[in-house]
Amino acid sequence: MHDPGCATALASDKDALARTLGAAFRGYPLTEWLVGSRPGGRQRRERYFGLLLDDALRRGVVLRDAESKAVAIWYPPGVWEIGVGDFLRTLPDWLRIVGVRALPGRLRALSELVKERPTAEGTATGRAWVLEVLGVDPDAQRTGRGSRLLEAGLARAREDGAGAFLLTSSEDAIPFYERHGFVVEKAFAVRGGPPMWTLCREP
Ligand SMILES: CC(C)(COP(=O)(O)OP(=O)(O)OC[C@H]1O[C@@H](n2cnc3c(N)ncnc32)[C@H](O)[C@@H]1OP(=O)(O)O)[C@@H](O)C(=O)NCCC(=O)NCCS
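Attention here is on the structure that accompanies the text. Here the residue index of a chain counts from 1 through its sequence in written order. Owing to the predicted nature of the model, reporting of local features is limited to residues with pLDDT of at least 70; listing and counting of side-chain atom pairs is limited to 80 or more, with chain, interface and lining totals taken over all residues. The side-chain numbers reported here are obtained from all heavy atoms of the structure, hydrogens and water having been left aside.

### What to know about the site of the ligand
As a reminder of what qualifies: Throughout, near means a residue has at least one heavy atom within 4 Å of the molecule or strand. Here a polar contact means two N or O atoms within 3.5 Å. Within protein one must be a hydrogen donor candidate and the other an acceptor candidate, and residues neighboring in sequence count only if both atoms are side-chain atoms. Note that accessible areas follow from Shrake-Rupley with a 1.4 Å probe, and for residues the cover is restricted to the protein chains shown.
In the vicinity of the ligand lie 18 residues, with Val-136, Arg-142, Gly-144, Gly-146 and Ser-147 positioned nearest. Within the contact set of the ligand, a nitrogen atom lies 3.1 Å away from a side-chain nitrogen or oxygen of Gln-141. Residue Arg-142 places a main-chain N or O atom 2.8 Å away from an oxygen atom belonging to the ligand. Against a free-state accessible area of 840 Å², the protein chains account for coverage of 77% of the ligand.

Shown next as structure tokens:
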């Protein structure tokens, strides 16, 4: 890793990173829509990010700052797709996160969302690393941590000759990504869910 303030996360970092993401994504439209308005939102957000981290710590690249106040989850091209068996093992967690009634609709919408991501061959601009999650604890936002993790992941993608891709439901975050070379590719909405944007960055 070129930036000393940025480390590759280990499985032992998972709980601290899930707490950071649970706090960072409070009010983030897609997460709120998934988790719903029932009590216990923070725990359900942490469980949700715990699931994402479980997978990413095995198959992706998880970067964190020195205090685990900032987290980035990346997947190299073609790696992010989850197998049916792996998904079924997480079903009890999904039930707790989303709730029984909402689960079928949310899973249908999530499967639509997944189709927006680039294949192993990439986007119109070529192969792309996928930035799955970037979050900074609210107490530590606007101190440069998000930018450092983003640039560290982009450096890895460049070393691999690839660009980058992300989906966001935060219109407010778009200028941040544009400052790091991303351009908005498409605006759309998942069924019953919030507005979303795809952004790409050339290698
Ligand atoms: C967006 C985010 C990752 C930026 O990380 P950060 O460490 O706070 O940002 P940096 O200090 O590196 O850069 C500052 C810039 O980030 C953006 N930013 C910071 N906080 C933000 C927030 N809450 N919402 C939107 N943009 C924000 C602004 O463009 C800011 O520039 P400014 O201070 O000139 O306005 C972080 O604020 C965050 O986790 N937000 C909540 C979760 C989220 O929206 N993640 C991105 C979803 S795809």
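### So, the pattern of salt bridges
Operational definition: Here a salt bridge means any side-chain nitrogen of Lys or Arg lying within 4 Å of a carboxyl oxygen belonging to Asp or Glu. Only DSSP runs of H or I reaching four residues or more are called helices, and only runs of E reaching two or more are called strands; each is numbered from the N terminus. Relative accessibility thresholds used throughout: buried, under 20% of the residue-type maximum; exposed, over 50%; partly exposed, between the two (1.4 Å probe, protein chains only).
Taken as a whole, this structure holds 14 salt bridges when the rule is applied. We note a salt bridge from Arg-47 to Asp-93, for which the minimum N-O separation is 3.0 Å. One end of the pair, Arg-47, is in helix α3 (residues 41-59); the other, Asp-93, is in helix α5 (residues 91-98), with 46 residues separating them in the sequence. Among the residues examined, Arg-47 registers a relative accessible area of 34% and is labelled partly exposed.

Just geometry here; none of it tells us what the structure is for.
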